[in-house]
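Structure assessment
For reference, the chains in residue letters:
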Amino acid sequence: MSKRFKIGILGFANIAKKSMIPAIEALSDSFELVGIASSRTNNYNDITFYDSYEKILSKDILDAVYIPLPNALHFKWAKYALEKGIHVIVEKSMCCTYDEVLILNKTASVNECVLFENFQFRFHSQLDLVKKILNQNEIGSIRSIISNFCFPPFEDPNNIRYKKELGGGALLDAGVYPIKLAQELLGYEVDIVNATLNYEGKEVDIWGDGKIKQINGNSFLHFSFGFDNYYQCSLEILGTKGKLSTNRIFTAPPDYTCKIIIEKNNQTNISEIPPENQFVKSLLFFSKCIEDSNLRTEQYHANITQSSLVERFKNMSNVK
């Protein structure tokens, strides 16, 4: 029987409250939620709260920690945890710079720890079916992929995503998703060939777009992202024989029935994927990484490749 891992959370972020805590509680055979470290006093679901991050980050207390803090705080606290031999699952983006990501992955490797960037959409059956359709050549050779991840402005003007000092900006919050998706669909041998960031007078990038192309192939993914758009979470793949599309590729809620639409031969076919919790599936994979050194090594490579693409996007864009 697999070990039941003791896990803690740094900060009481909305994503932790709405998604990760329910996922941990649903996996009670695999995880025990030890507590949450937060500067705010809370009383939530009888969970123990620690008044500092240092107090909970002890190998005597935790096997693993989930870090949903602002991007600019990920490096410091992930490194602190890894140096103590604690496995880390961190929200995207892992860090604000490529150099920080390199340091974290080296620290994780030296201490034989998992360092896992939580792009949970990778584990939804929706993506599995998309890959199966492509592998079976149902829509022919890929000519182009288009993905958009955009949402309206946040109601709170002081939202951390608008704060440069906290690692805000649309690229690190939203643009990283289609960059990750490109690797899932086109492989790791890809490169940024176009990149644009727009600030609209703000201190962080508010929207942007780009293009990723296979290094040794002809397929590409064009993407757009932003904080001031009509909501979009879409994927469209044009092939030589047909077209595939879906409209909730990144953020399918646990009660949502995903639909993959295939258009070809003047016909439209819709495949439905029953509701499932992609946070639960992401956590299950994280637990496998804890027990499998080969999976840990694969994640180091994935982390570094993702960060290198994000860094290249920044350098190619009109970033200021």
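These remarks concern the structure in this document. Since this is a predicted model, take the numbers as computed values, not measurements.

The rules behind these values
- Residues numbered from 1 in each chain as written.
- Predicted model: local features only at pLDDT ≥ 70, side-chain atom pairs only at ≥ 80, totals over all residues.
- Heavy atoms only, no water.
- Helix = DSSP H or I, 4+ residues; strand = E, 2+ residues; numbered from the N terminus.
- Expected span 1.5 Å × (residues − 1).
- Bend = angle between axes of the 7 residues up to and from the residue.
- Buried < 20%, exposed > 50% of the residue type's maximum accessible area, 1.4 Å probe, protein only.
- Pairing = 2+ DSSP bridges.

A word on helix α6 (residues 170–186). Taking 1.5 Å as the rise per residue, α6 with 17 residues should run 24 Å; its terminal C-alpha atoms sit 23 Å apart, in good agreement. Where α6 bends most, the angle comes to about 40°, and this point is Val-176, followed within four residues by the proline Pro-178. The element α6 is largely enclosed, with a buried count of 16 among its 17 residues.

This paragraph deals with the sheet that holds strand β6 (residues 115–117). Spatially, the six strands line up as an open sheet ordered β3-β2-β1-β4-β5-β6, and their pairing is parallel. If you trace the sheet from one side to the other, it starts and ends with β3 (49–50) and β6, each paired once. Where strand β2 (residues 31–37) meets β3, two bridges bridge the pair, whose relative direction is parallel. Looking at the pairing, Ile-36 lines up with Phe-49 of β3.

Of the pairings in the sheet, the one linking strand β8 (residues 190–198) to strand β9 (residues 207–214) comprises eight bridges and is antiparallel in character. Pairing of Ile-192 across the sheet is with Ile-212, part of β9. Note: β9 against strand β10 (residues 220–226), seven bridges, orientation antiparallel. When the sheet's bridge partners are listed, Ile-212 is paired in β10 with Leu-221. Turn length for the β9-β10 hairpin, with the two strands adjacent in sequence and antiparallel, is five residues.

The pairing of strand β12 (residues 243–246) with strand β13 (residues 258–264) spans three bridges and is antiparallel. Bridge pairing in β13 links Lys-243 to Glu-263. When β13 meets strand β14 (residues 267–273), the two strands line up antiparallel, connected through seven bridges. Bridge pairing in β14 links Ile-261 to Ile-270. Here β13 folds back onto β14, and the loop between the two strands holds two residues, one of which, Asn-265, carries a positive phi near 55°.

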